[in-house]
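These are the residues of each chain, in order.
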Amino acid sequence: SNTVFAGTAASSVRTDSGQIVSVGDSLTEMSSRINQSPVSMNSYETKEGETTVTVSDYTYDIDNIRYTFTIINNQVKKIEWTRKDI
């Protein structure tokens, strides 16, 4: 099945260990708090005005929910979640 990704935005996520990851956290903070390997990681470039920035999407499965953390300049800019089809 080809699922169209339509995520719901979140400002923060509680990890399995009870840590909170929020928009604005650094990539290091996110990685250490989630403390598991991402399901996938995808990087691409986009333009913000005249500047080209590298965007990295890190996807994790936490409690049967798939979270995608969008990282720009080593900072969490967006968190989206979708329920996994079980």
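These notes cover the structure that comes with them. These numbers were taken from a predicted model, which means no experiment stands behind them.

## Re the overall build of the protein
Next up, step 1: Counting its secondary structure elements, the protein contains one helix and seven strands.
Next up, step 2: Listed by position from the N terminus, the elements making up the protein come as β-β-β-α-β-β-β-β.
Next up, step 3: Compactness check: the protein gives a C-alpha radius of gyration of 13 Å against a globular reference of 12 Å for 86 residues, within 12% of the reference.
Next up, step 4: With the C-alpha coordinates aligned to their principal axes, the bounding extent of the protein is approximately 40 × 35 × 20 Å.
Next up, step 5: Taken over 86 residues, the protein has a buried fraction of 31%.
Next up, step 6: Looking at the protein alone, contacts between residues at least 24 apart form 38% of all its contacts between residues at least 6 apart.
Next up, step 7: For the protein, the accessible area works out to roughly 5600 Å², and carbon and sulfur atoms hold 43% of it.
Next up, step 8: The protein carries 8 positive and 11 negative side-chain charges, and their two centres are separated by 3 Å.

## Some words on the sheet that holds strand β5 (residues 51-62)
Next up, step 1: Taking strand neighbours across the sheet as the criterion, the five strands line up as β1-β7-β6-β5-β4 in an open arrangement whose pairing is antiparallel. Each having just a single partner strand, β1 (8-10) and β4 (40-48) make up the two edges of the open sheet. Across this sheet, the average inter-strand angle for adjacent strands is 30 degrees, counted without regard to direction.
Next up, step 2: Examined bridge by bridge, β4 and β5 share nine bridges and lie antiparallel to one another. Each residue of the ladder has a partner; that of Y44, found in β5, is V55.
Next up, step 3: This element, helix α1 (residues 27-34), spans β5, β6 (65-72) and β7 (75-83) of the sheet and lies at about 10 degrees to β5.

## With respect to the packing of aromatic side chains
Next up, step 1: What the rule picks out here adds up to two aromatic pairs.
Next up, step 2: Pairing Y60 with F69 gives two aromatic rings, centres 5.8 Å apart and planes at 80 degrees, and the pair type is edge-to-face.
Next up, step 3: Note on Y67 and F69: the rings are 6.3 Å apart at their centroids and 35 degrees apart in plane angle, and the pair reads as tilted.
Next up, step 4: The class for Y67 is buried, based on a relative accessible area of 11%.
Next up, step 5: Look at F69 and you get buried, because its relative accessible area is 0%.
Next up, step 6: Through pairs of rings, three or more aromatic residues link up here, namely Y60, Y67 and F69.

Calculation rules
Residues numbered from 1 in each chain as written. Predicted model: local features only at pLDDT ≥ 70, side-chain atom pairs only at ≥ 80, totals over all residues. Heavy atoms only, no water. Helix = DSSP H or I, 4+ residues; strand = E, 2+ residues; numbered from the N terminus. Rg over C-alpha atoms; globule rule 2.2 N^0.38 Å. Buried < 20%, exposed > 50% of the residue type's maximum accessible area, 1.4 Å probe, protein only. Contact = heavy atoms within 4.5 Å. Areas by Shrake-Rupley, 256 points an atom, 1.4 Å probe, with all protein chains shown as cover. Lys, Arg positive; Asp, Glu negative; His and termini not counted. Charge placed at Lys NZ, Arg CZ, Asp CG, Glu CD. Pairing = 2+ DSSP bridges. Axes fitted to C-alpha atoms, helices over the stretch in contact; angles between N-to-C directions. Phe/Tyr/Trp six-rings, centres within 6.5 Å; stacked < 30°, edge-to-face > 60°.

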